[in-house]
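Reading the structure
Residue-level listing of the chains:
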Amino acid sequence: MDSSNLGSVPEETLEEQLHQQQQESKPVVSAFASVPDRPPTQGFSQKYSPLDWSGYFDREEDICIPDSNDVFHLYMTGTEGPVIFCLHGGGYSGLSFALSASKIKEKARIVAMDLRGHGKSSTENDLDLSIETMCNDVFAVLKALYGDSPPAIVLVGHSMGGSVAVHVAAKKTLRSLAGLVVVDVVEGTAMASLMHMQKILSNRMQHFSSIEKAIEWSVRGGSLRNIDSARVSIPTTLKYDDSKKCYVYRARLEETEQYWRGWYEGLSEKFLSCPVPKLLLLAGTDRLDRALTIGQMQGKFQMVVVRHTGHAIQEDAPDEFAMLILNFISRNRIGPHGVEIPGLCRPARPQS
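Remember, predicted model here, so these are calculated numbers, not experimental data.

**Quick word on helix α5 (residues 160-170)**
Across the 11 residues of α5, 11 count as buried, placing the element largely inside the fold. For α5, every residue scored as buried is listed here: M160, G161, G162, S163, V164, A165, V166, H167, V168, A169 and A170. Contacts made by the buried residues of α5 are with β3 (83-87), α4 (131-146), β5 (153-158), β6 (177-183), α9 (260-264) and α10 (267-273). Two residues or fewer after α5 comes K172, characterised by a positive phi angle close to 60 degrees.

Shown next, in the form of structure tokens:
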């Protein structure tokens, strides 16, 4: 869901249509050799067939939250460096970061979480998408993973997940927080677009006879521009409805309207107040509001406009997204336990 630019559904440009026609005439080749080759097939089923998460992440894990029936699903990869903790947008899943994770894992660890009501996570109330509840979910998962001694963590959030990342960071209670990356969400644009959100949601195709049809629709409709990413990420955004005999959306976003304003209200000031290095990735400069414009001029955060992508930058341009994340880590000298200063030894960590 494009929650930062909901006034219109993006249409394919002539260049994209030509590219689409070219793709029709040749088999899709995955961007990464680690994805196992599928048996050769012909036509539609090959072009839009799902790709398994295991080609991009090392493992998946279910985190059970104590004293509740909440279970959060995580995708994880990488063995060293800081933890890049990824939060997806509304209607997406943790696999939204799959293709970029394949590159980031060379220098850092990646954890991509299915937020409540999304993907393979299961909670007592999947419709409680209040910002406070989602922040508490993130803290609970981090606590379950790392206890009281978490490694350096860089929060990366896209759209709705970007709002969650900002609110988590702004609480200033995550002591190992070393960086914040927000992907294509700005308070001004998002708040102005809320009145259109229900219309956008209702205008989406609601039922799919197959997962392949859903993948095709996401690419042809313009919500995603990278076929390989869609083949990985779209399947977990769906569930099969036995009564309707078709696939429908897993996230019931249209039933969560009461929480939408809370995602974005005051977001710019909260972002600017976070006391860690910050990176804002945008798909267009039109998304920058007044508070962020001033903050950017004052050097309070780094901003990069990623051209020729849609709302889901991490899916449309995964290689460039991964490079930007790795450059952010290097530029701010973020190591496994926080900021690394050449020539200085960090004090020994107290034994717990």
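**Notes on the pairing of strand β2 (residues 71-77)**
Among the 7 residues in β2, 6 count as buried, and that is most of the element. In the sheet, strand β1 (residues 59-64) pairs with β2 via 6 bridges, with the strands oriented antiparallel. Bridge assignment links E60 to a residue of β2, and that residue is Y75. Linkage of β1 to β2, two consecutive antiparallel strands, is achieved through a turn of 6 residues, within which D67 is found at a positive phi near 60 degrees. Sheet topology note: the β2/strand β4 (residues 109-113) ladder contains 4 bridges and is antiparallel. Residue pairing in the sheet places T77 in a bridge with I110 of β4.

**What about the sheet that holds strand β9 (residues 278-282)?**
Sheet architecture is open: 8 strands sit in the order β1-β2-β4-β3-β5-β6-β9-β10, paired in mixed fashion. Bordering the open sheet on either side are β1 and β10 (302-305), each of which pairs with just one other strand. Averaged over neighbouring strand pairs, the angle between their axes works out to 20 degrees when direction is ignored. Pairing geometry for β3 and β5, over 5 bridges, is parallel. Within β5, the position partnered with I84 by the bridge is V154. The sheet contacts of α5 involve β3, β5 and β6, and relative to β5 the element is tilted by about 145 degrees.

**Thoughts on the side chain of D114**
Here D114 is to be found in the loop between β4 and α4. For the buried D114, no salt bridge exists, and the shortest N-O distance to an oppositely charged side chain is 7.0 Å, to K120. Only 2.8 Å separates the side chain of D114 from the backbone nitrogen of K120, close enough to count as a polar contact. Contact partners of D114, with chain neighbours within four places excluded, come to F72, H73, Y75, H88, S93, G94, G119, K120 and S121.

**Some remarks on the side chain of S233**
Structurally, the position occupied by S233 is in helix α8 (residues 227-233). Setting aside chain neighbours within four positions, we find S233 in contact with S93, L95, S96, L224 and E315.

**Brief notes about the packing of α4 against α5**
To characterise two packed helices, one gives the angle between the axes of the helices and the distance between these axes. With their axes 9 Å apart at the nearest point, α4 and α5 run at an angle of 70 degrees to one another. Relative to α5, the element α4 lies roughly perpendicular. Residue-level contacts link I131, M134, C135, V138 and F139 of α4 to M160, S163, V164, H167 and V168 of α5. Here the residues of the contact of α4 with α5 are counted per class, giving 8 nonpolar, 2 polar and no charged.

Definitions and cut-offs
- Residues numbered from 1 in each chain as written.
- Predicted model: local features only at pLDDT ≥ 70, side-chain atom pairs only at ≥ 80, totals over all residues.
- Heavy atoms only, no water.
- Buried < 20%, exposed > 50% of the residue type's maximum accessible area, 1.4 Å probe, protein only.
- Helix = DSSP H or I, 4+ residues; strand = E, 2+ residues; numbered from the N terminus.
- Contact = heavy atoms within 4.5 Å.
- Pairing = 2+ DSSP bridges.
- Axes fitted to C-alpha atoms, helices over the stretch in contact; angles between N-to-C directions.
- Lys, Arg positive; Asp, Glu negative; His and termini not counted.
- Salt bridge = Lys/Arg side-chain N within 4 Å of Asp/Glu carboxyl O.
- Polar contact = N/O pair within 3.5 Å; in protein donor to acceptor, adjacent residues only side chain to side chain.
- Parallel < 35°, antiparallel > 145°, perpendicular 65-115°, else oblique.
- Nonpolar A, V, L, I, M, F, W, Y, C, P; charged D, E, K, R; others polar.

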